Amino acid sequence: MVTRVLTVSLLAGLLAGLVIAALQHVTTTPLILKAERYESALAAPPAPHAALTGGARIILAHSGTDHAAGAEHDEWKPADGLQRLLFTSATTIGTAIGFAALLLAGMIAAGDAIDPRRALIWGACGFLAFGLAPGMGLAPELPGAASAALQERQIWWLGTAAATGTGLFLFLRHEAPWLKLLAVALILLPHLVGAPHAPTPESKVPAELAAHFTSLSLGIQAALWLATAFAVGTLWPRMDRRMAAA
Amino acid sequence: MNTVSVSIPQSSVSERVKAVAAALVIGLALVYTTGFAASTSVHNAAHDTRHGLAFPCH
């Protein structure tokens, strides 16, 4: 059974990941590249002024995020173009394999029969837990947006995903009213605690571009969950039959 | 009303536990690496995917 889990995760993740990587290439990635142009266009001009006037130096010293971004550029990163596309696609496929494995873990632990319809319901819940609920607190951002410390955001994100996932499972799988109430409380809890935000928003990217990116990236994550779930639900019974025949 | 249907009859409980554990470890490790790992090289390689799939980034 372990072999079947690994094979189906790999195949389903590969198939769904490839499709979504192609989608990303024509949807979210062009917006990220555009945002980076805004970021560098606005980050570049102050430099000569800083050299000329003492006052401008304060602005440079103040913009800590630019320094962080500058430090990052010294490290290795994929070259723009084909290399960047390949790394992005590989990472998306890796994420899809991870989502497929998590989906199988949940369905097998719950004792569900694995078919496309049930897998799609799990996939939709996966998107609610990993995409929509964390996204309501921490809206998906383009590069250059102001935000709170990364670690605080990651912890809130993971906590929200865990609370939402557990809440959805309790609500859908149990009849007792107090458990359903507990489920709703669990789903609301992270939002009552509140996501960490930057003290002052200072995005260099136009709001229209950022808003477009936010809805687009949530849609892409939804597509990744659903495509992965459909592939898992379709491949699992086939593997079953093949193994029975062998 | 707790009618949980047992729908994977052929596989033993221990086999299911092993399968769930393997799937969980692989799933969490992969999603952590692609979406959360702090290493700068991993971050840079995964950058566009992290933004594009709404993971917290930067």
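Because the structure is predicted, anything quoted here is derived from the model rather than measured.

Caption draft 1: Local environment of the overall build of chain A. Along chain A, the regular secondary structure elements total 10 helices and 0 strands. When the helices and strands of chain A are listed from N to C terminus, the series reads α-α-α-α-α-α-α-α-α-α. Going through the 246 residues of chain A one by one, you find that 35% of them count as buried. In chain A, once contacts between residues fewer than 6 apart in sequence are set aside, the share between residues at least 24 apart is 81%.

Caption draft 2: Expanded view of the interface of chain A and chain B. Facing the 49 residues of chain A at the interface are 35 residues of chain B. Secondary structure elements with two or more residues in the side of chain A that touches chain B: α1 (2–26), α2 (28–43), α6 (82–110), α7 (116–137), α8 (150–173) and α10 (207–245) of chain A. No other element matches α6(A), which puts 15 residues into the side of chain A that touches chain B. Of the residues belonging to the side of chain A that touches chain B, the class tally is 25 nonpolar, 17 polar and 7 charged.

Caption draft 3: Region of the structure containing the environment of T28(A). Position of T28(A) among the secondary structure elements: in helix α2. In the structure, T28(A) is positioned 83 residues away from G111(A) in sequence and 36 Å away in space, judged by C-alpha atoms. Residues within four places of T28(A) in sequence aside, it is in contact with F213(A), L216(A), S217(A), I220(A), H51(B) and G52(B).

Caption draft 4: Molecular detail of helix α2 (residues 40–52) of chain B. For α2(B), which comprises 13 residues, the first-to-last C-alpha distance of 18 Å matches the rise-based estimate of 18 Å (1.5 Å per residue) to within 8%. Largest kink in α2(B): about 65°, centred on A46(B). Tucked into the core, α2(B) has its buried residues touching α1, α2, α6 and α10 of chain A together with α1 (13–35) of chain B. Following α2(B) by one or two positions, A54(B) has its phi on the positive side, about 70°.

Caption draft 5: Here's a closer look at the packing of α2(A) against α10(A). Residue and element names in this part refer to chain A. Their axes nearest at 10 Å, the elements α2 and α10 cross at an angle of 150°. With respect to each other, α2 and α10 are oriented roughly antiparallel. Helix-helix and strand crossings are classified by hand; for α2 and α10 the assignment is left-handed. Within the contact between the two elements, α2 uses T28, L31, K34 and A35 and α10 uses L209, H212, F213, L216, S217 and I220. Here the residues of the contact of α2 with α10 sort into 6 nonpolar, 3 polar and 1 charged.

Caption draft 6: Main features of unusual backbone geometry. Residue and element names in this part refer to chain B. Of note in this structure, A54 is not a glycine but carries a positive phi near 70°. By secondary structure assignment, the location of A54 is in the segment after α2. Judged by the 28 C-beta atoms lying within 10 Å of it, A54 is buried.

Caption draft 7: Local environment of the packing of α1(A) against α1(B). In the contact formed by α1(A) and α1(B), the axes pass within 8 Å of each other and the chain directions differ by 35°. Considering only the axes of α1(A) and α1(B), their crossing is right-handed. Across from V2(A), V5(A), L6(A) and S9(A) in α1(A), the residues of α1(B) making contact are K18(B), A19(B), A22(B), A23(B) and I26(B). For the contact of α1(A) with α1(B), the class distribution of residues is 7 nonpolar, 1 polar and 1 charged.

The rules we used
- Residues numbered from 1 in each chain as written.
- Chains lettered and ligands numbered in written order.
- Predicted model: local features only at pLDDT ≥ 70, side-chain atom pairs only at ≥ 80, totals over all residues.
- Helix = DSSP H or I, 4+ residues; strand = E, 2+ residues; numbered from the N terminus.
- Buried ≥ 20, exposed ≤ 12 C-beta atoms within 10 Å, placed from the backbone.
- Contact = placed C-beta atoms within 7 Å.
- Nonpolar A, V, L, I, M, F, W, Y, C, P; charged D, E, K, R; others polar.
- Expected span 1.5 Å × (residues − 1).
- Bend = angle between axes of the 7 residues up to and from the residue.
- Axes fitted to C-alpha atoms, helices over the stretch in contact; angles between N-to-C directions.
- Parallel < 35°, antiparallel > 145°, perpendicular 65-115°, else oblique.
- Left-handed = near helix turned anticlockwise from the far one by under 90°.

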